[in-house]
Amino acid sequence: IIVPFFSSTEFYIKQMHHDYREATLETFQGMKDKPVKSSILLSTLAGWIYFTKKNPSEAAFNEQLIEHRIDLSVVGNSIRNPDSEEHIHRVTRSMIAGQLRRFTFGVCSVMWEDNFDPVVDVYEARCKDLKVGWVDMWSRVVDFGILGRWTWLDMAMMDYDVNPSEWPQDEVQEEKWKRYVKERL
């Protein structure tokens, strides 16, 4: 017996509608029966979706790096923090050389430094045995991105306009400073 195409398609669509309707009703009934479990699951799902939407891209990394380079260039050499400057310059050199790679976990991203630019076509760059492995990759991590920001770039720029060599680490001065802050609060 040959079944007409439209009647079999119609039957299939009706069955799909019925199945999805039943599954939806059962889901809502389960949510009413166990509200704590369902609220935890929905909160986790909402958090996962939010983190995934806010996962920073490689373009966001480049923009943030350029912004930090501009911030450093505005500050004079004598008061510039050498640690901030060294970190930004090292990351910039890797970016210019084309060695930075982004790996994403969906909710967060990792920028890491590879040995070669992808366009380099020498044996060392193409040989699978000489590429950076998973174990070695973690020692080459340059930054960790989550919620739209690259955290290590932000941490490197925390006190970029304070040169620690300008401020003597004298205990007497620190005590005076603590008393001053305590009096003001």
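Our subject is the structure that appears above.
Only a predicted model underlies this, so the values are computations on that prediction, with no experimental measurement involved.

> Account for the overall build of the protein chain, with residues named and values stated.
A count of helices and strands for the protein chain gives 8 helices and 4 strands. Each of the 185 residues in the protein chain was classed as buried or not, and the buried ones make up 22%. Summarising the internal contacts of the protein chain: among those between residues at least 6 apart in sequence, 63% fall at separations of at least 24. When the accessible surface of the protein chain is split by element, carbon and sulfur atoms take 61% of a total near 14,100 Å².

> Outline the pairing of strand S1 (residues 100-104), supporting the account with residue identities and numerical values.
One ladder, built from 5 bridges, connects S1 with strand S2 (residues 108-113); its direction is antiparallel. Among the inter-strand pairings, Arg-102 is bridged to a residue of S2, identified as Met-111. Between the end of S1 and the start of S2, which pair antiparallel, lie 3 residues, with Gly-106 showing a positive phi angle near 95°.

> So what's going on with the side chain of Ser-109? Which residues, and what values?
Within the secondary structure, Ser-109 is located in strand S2. Owing to a relative accessible area of 0%, Ser-109 belongs among the buried residues under this scheme. In this structure the side chain of Ser-109 is engaged in a polar contact, spanning 2.7 Å, whose partner is the side chain of Asn-55. One polar contact links Ser-109 to Arg-102, side chain to side chain, over a distance of 3.2 Å. Once you skip the residues sitting within four places of it in the chain, Ser-109 turns out to touch Asn-55, Pro-56, Arg-102, Phe-103, Thr-104, Asp-143, Phe-144, Gly-145 and Trp-150.

> Please set out the packing of helix H3 (residues 58-74) against helix H4 (residues 82-96) residue by residue, giving values where relevant.
Interaxial distance between H3 and H4 falls to 11 Å at its minimum, and their mutual angle equals 135°. When the interaxial angle is binned, H3 and H4 end up oblique. Considering the relative orientation of H3 and H4, their crossing is left-handed. Residues Phe-61, Asn-62, Leu-65, His-68, Arg-69 and Leu-72 of H3 pack against Ser-84, Glu-85, Ile-88, His-89, Val-91, Thr-92 and Met-95 of H4.

> Any chance you could break down the nonpolar core for me, citing the residues and the numbers?
In this structure, Phe-61, Leu-65, Leu-72, Ile-88, Val-91, Leu-100, Met-111, Val-142, Trp-150, Leu-153 and Met-157 together form the largest nonpolar core, which totals 11 residues. At the level of secondary structure, the elements contributing two or more residues to this core comprise H3 and H4. Here this core takes 3 residues from H3, the largest share from any one element.

Calculation notes
Residues numbered from 1 in each chain as written. Predicted model: local features only at pLDDT ≥ 70, side-chain atom pairs only at ≥ 80, totals over all residues. Heavy atoms only, no water. Helix = DSSP H or I, 4+ residues; strand = E, 2+ residues; numbered from the N terminus. Buried < 20%, exposed > 50% of the residue type's maximum accessible area, 1.4 Å probe, protein only. Contact = heavy atoms within 4.5 Å. Areas by Shrake-Rupley, 256 points an atom, 1.4 Å probe, with all protein chains shown as cover. Pairing = 2+ DSSP bridges. Polar contact = N/O pair within 3.5 Å; in protein donor to acceptor, adjacent residues only side chain to side chain. Axes fitted to C-alpha atoms, helices over the stretch in contact; angles between N-to-C directions. Parallel < 35°, antiparallel > 145°, perpendicular 65-115°, else oblique. Left-handed = near helix turned anticlockwise from the far one by under 90°. Core = buried A, V, L, I, M, F, W, Y, C linked by side-chain atoms within 4.5 Å.

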